[in-house]
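Spelled out from the first residue to the last, the chains are:
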Amino acid sequence: MTLRQLLNIDPTNPKPLIAVPMTLGPSDKFGPFAQALDEQNPDLVEWRADYIVDAFSQDVIWQEVKAGAQAEVQAKEVSTLTQAKLMSELDTARAEFLENWPLMQVQIVKELVANAFQTVNNRPLILTYRSKAQGGMGELDEPAIASFLVTALKAGFHFAAVDLEDSMDEGLKAKVIEAAEKVKTPVILSYHDWQNTPKDLADIVKKMSQEAVQVLKLAVMPENEKDVDFVLETCQQMNQQVDQDLIMIAMGGLGERSRIEGYRYGSQLTFASLGKKYESASGQLTVKDLLRAWS
Ligand SMILES: O=C1C[C@@](O)(C(=O)O)C[C@@H](O)[C@@H]1O
């Protein structure tokens, strides 16, 4: 099944799918992004949740709750001794907070997900949380990332696909895959190398294909034109050998042509940006430049 068929997006169109990243943080304006989306109308949006979710992590929210409680105590006209006593009660408050956190987290994630779907006007949305180690902005640890993804998948909105980092702990990966299966959301297993183009790229693809996922995505950094050819040729070759749909990208300026020509080698989706300020990886073209290159 092609990726277009799998995601049920205009299955007869011979061109690859175009996905634009939504890289909005808590203080960014969502309106201009939504407007650019309407104008450029890509097939999918990739919600890069790592740009926003960390601002609502357990740690951050606790610091806010604590600061609020401290300010309240300080505003009270009580003796220093009473103030000290009230402050010491913060420990109990912390324990209560931790107990309530799972429910709070569900509520927070629901609101973030609802907001993401509203911004993209219910277009097909890929759920992605990219960790710093894999070139993203996210600093949550792996259990927190897995918990976020599972909670987001269960939030009552249908994601077109969920991105899962191949480097994640096997047990946690299995939890996300299980949650995705339950809500019938395909999983894109992702591998990134921001430094090199690994010589054993084909073996990496084969190993990734052992997982119970529907799509494999590999984005690597080429050092020369040969590396770009190597990525494209490996994509073509692996298409014959693995069941999953493939997305293979050579990043950086050198790799630009892989984003334009990749589909001729069987790469079924290409990432492009709604404008330079929204790009999520080096070498990404704007949707306009990509369409120009194809015309
Ligand atoms: O994995 C990828 C591919 C990507 O890194 C790129 O090179 O276009 C962009 C990311 O947003 C996406 O999650």
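Note that this is a predicted model, so its numbers are computed, not measured.

**Q** Any chance you could explain the site of the ligand here in plain terms?
**A** Taken together, the neighbourhood of the ligand is formed by 15 residues, with Pro21, Ala219, Phe271, Ser280 and Ala281 sitting nearest. Broken down by secondary-structure element, the contributors of at least two residues to the shell around the ligand are β2 (44-48) and β6 (215-220).

**Q** Hey, could you run me through helix α5 (residues 90-119) in this one?
**A** Within an α-helix, residues lying three or four positions from one another point in the same direction, as the helix has 3.6 residues per turn. With 30 residues, α5 should reach 44 Å at 1.5 Å per residue; the first-to-last C-alpha distance of 38 Å falls well below that figure. A maximum bend of about 50° is found in α5 at Trp101, where proline Pro102 lies one to four positions downstream. What α5 keeps buried is the set Val109, Leu112, Val113 and Ala116. The inward-facing, buried residues of α5 abut β2, β3 (125-128) and α6 (142-153). Following α5 by one or two positions, Asn121 has its phi on the positive side, about 55°.

**Q** Looking at this model, I keep getting lost on the environment of Leu164. Mind explaining?
**A** Counting through the fold element by element, Leu164 comes out in strand β4 (residues 161-165). Judged by local crowding, Leu164 falls into the buried class, with 26 C-beta atoms found within 10 Å. Residues within four places of Leu164 in sequence aside, it is in contact with Lys173, Val176, Val187, Ile188, Leu189, Ser190 and Val213.

**Q** I tried to follow helix α3 (residues 58-75) on my own but got confused; where do I start?
**A** Between the first and last C-alpha of α3 there are 26 Å, a value that for 18 residues agrees with the 26 Å anticipated at 1.5 Å per step. When you tally the buried positions in α3, you get zero out of 18 residues, a small fraction of the element.

About the criteria used
Residues numbered from 1 in each chain as written. Predicted model: local features only at pLDDT ≥ 70, side-chain atom pairs only at ≥ 80, totals over all residues. Near = placed C-beta within 6 Å. Helix = DSSP H or I, 4+ residues; strand = E, 2+ residues; numbered from the N terminus. Expected span 1.5 Å × (residues − 1). Bend = angle between axes of the 7 residues up to and from the residue. Buried ≥ 20, exposed ≤ 12 C-beta atoms within 10 Å, placed from the backbone. Contact = placed C-beta atoms within 7 Å.

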